[in-house]
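One-letter residues, chain by chain:
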Amino acid sequence: PMLERSREEVLAYLASRGIDYRVDSSNLRPDFQRNRVRLELIPYLREHFNPEVNRALAQLAEILRGDEEFLARETGRLFRSHARVTRDECGHLRRITLPRDEFLRFPLAMQRRLLRLAIRVLAKTTENLSYLNVWESLQFIRSHSGGGGLQLPGGLLLASEYGTIYVSGEVYVEQDACPSAVLPVPGHLLLPGKGRVVARVLTGNRAKSVRQCLIGGNPPSLVSHAFIDYNKVDLPIWMRAWNFGDSMEPLGMRGEKKLQDLFVDEKIPRRRRHEVPVILSGSRIAWVVGVRLSEEYRVDCETERILHLWFDDTWPRS
């Protein structure tokens, strides 16, 4: 109730009723910024710019309070209608997702506020979030429509994936990448927490049956299985995570294609690409697990032995 009253009005009221008061001596020392504003800046502005600067600032504060109430209410409404909140198994907040195109159609003020609100919901604070953080985040959202990530204060990640943007506590962890190891044939390799990649060799009637199915004009649509001409393989077969610059000739295409572009085409999020196993024959990529087989190793009419690879996610995860 005192915000709209000047010091002079308060002192006059006390004097009219004979009420005594005490002065905190620390308020008279310009040791703190708020004291310097009151003791030095405001008197200077009153003398040199506007004799009614106190009243003008009070009116401005009243206007901004009303604007803030409206903007905060509108931000909450947009957040509730557009944001999707994801929780982990324990019920803890894990990610907040927003539709990118709709987000970019909002006024700039709403974009800033929605982003800050998403961060505050996840991190419980925006204390360390600077103007530069918000500016860089908005620039990132405008320029990244299909992948990429930006680290935010508090260990959060801002990412863009195929029409959506999200703020998350999920940070890229290098040790979660696919391990590098030789794949025994026959045998399998474990992918910790994800399953295993299995290899076996098909011969005789079984190989003939699979070959006829693959080249008979109606091959099955395979995602987690790959059939490779075993005679074209250079041992050992081994597995690793993809490297920047990796390329292959995808099945059914002519010419090399970078795996990075293949991941974009298949809409595999950037944050998940390091988890995708790559199977190599010698030094050549034969299969990007769950994504694409190499044309170089396709089964044809001359194939007699087939290397059957598949990803088994039902294997006990440890």
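Residues numbered from 1 in each chain as written. Predicted model: local features only at pLDDT ≥ 70, side-chain atom pairs only at ≥ 80, totals over all residues. Heavy atoms only, no water.

Each helix and strand counted, the protein has 8 helices and 16 strands in total. Relative to its 318 residues, the protein shows a buried fraction of 34%. A separation of at least 24 residues holds for 60% of the contacts in the protein among residues at least 6 apart in sequence. Put simply, the protein shows about 19,700 Å² of open surface, and 52% of that area lies on carbon and sulfur atoms. (Helix = DSSP H or I, 4+ residues; strand = E, 2+ residues; numbered from the N terminus. Buried < 20%, exposed > 50% of the residue type's maximum accessible area, 1.4 Å probe, protein only. Contact = heavy atoms within 4.5 Å. Areas by Shrake-Rupley, 256 points an atom, 1.4 Å probe, with all protein chains shown as cover.)

What follows is about the sheet that holds strand β3 (residues 149-152). Whenever strands of a sheet pair, they do so through backbone hydrogen bonds, lying parallel or antiparallel. If you walk across this open sheet you meet the 5 strands as β1-β2-β5-β4-β3, and the pairing is antiparallel. Because the sheet does not close on itself, it has two edges, and the strands there are β1 (84-87) and β3. Looking at each pair of strands side by side, their axes are set apart by 20 degrees on average, direction ignored. In the sheet, β3 pairs with strand β4 (residues 156-161) via 4 bridges, with the strands oriented antiparallel. (Pairing = 2+ DSSP bridges. Axes fitted to C-alpha atoms, helices over the stretch in contact; angles between N-to-C directions.)

On to the pairing of strand β10 (residues 237-241), then. Of all 5 residues that make up β10, 4 are buried, and the element is covered over most of its length. Two elements, strand β6 (residues 181-182) and β10, share 2 bridges in a ladder whose sense is antiparallel. What sits directly across from Val182, in β10, is Trp238. Direction of pairing for β10 relative to strand β13 (residues 277-281): antiparallel, over a ladder of 5 bridges. By the bridge assignment for β13, Ile237 is matched with Ser281.

Residue Pro186 is reached from Val185 by a cis peptide bond, and omega for that bond is -5 degrees. Relative to the helices and strands, Pro186 resides in the loop between β6 and β7 (187-191). Here the residue pair Leu235 and Pro236 is connected by a cis peptide bond, since its omega of 5 degrees sits within 30 degrees of zero. Inspection of the secondary structure assignment puts Pro236 in the loop between β9 (225-229) and β10. A positive phi is found at Lys124, a non-glycine position, where the angle reads about 70 degrees. Mapped onto the secondary structure, Lys124 falls in the loop between α5 (108-123) and α6 (131-143). Residue class for Lys124 comes out exposed when judged on its relative accessible area of 64%. One non-glycine residue with positive phi stands out, namely Lys267, at about 55 degrees.

A few words on the nonpolar core. Nonpolar side chains in soluble globular proteins generally cluster together in the buried interior. Counting residues in hydrophobic clusters, the biggest one holds 24 residues, and the most contacted among them are Phe79, Phe103, Leu115, Ile119, Ile141, Leu158 and Val167. Contributing elements (two or more residues each) for this core: α3 (53-82), β2 (93-99), α5, α6, β4 and β5 (164-168). For this core, the element with the most residues is α5, which contributes 7 residues. Once residues within four sequence positions are removed from consideration, Phe79 is found in contact with Ile96, Leu114, Leu117, Ala118 and Val121. Within the second largest apolar cluster, 19 residues are counted, among which are Val197, Tyr297, Leu307 and Leu309. (Core = buried A, V, L, I, M, F, W, Y, C linked by side-chain atoms within 4.5 Å.)

This brings us to the confidence of the model for the protein. Taken over all residues, the pLDDT of the protein has a mean of 85, while the share at 70 or more is 90%. Taken element by element, the protein is modelled with least confidence in β3, mean pLDDT 79, and with most confidence in helix α4 (residues 100-105), mean pLDDT 94. Throughout residues 171-175 the model reports pLDDT below 50, and contacts reaching past four residues in sequence, or to other chains, amount to 4 contacts. (pLDDT = per-residue confidence, 0-100.)

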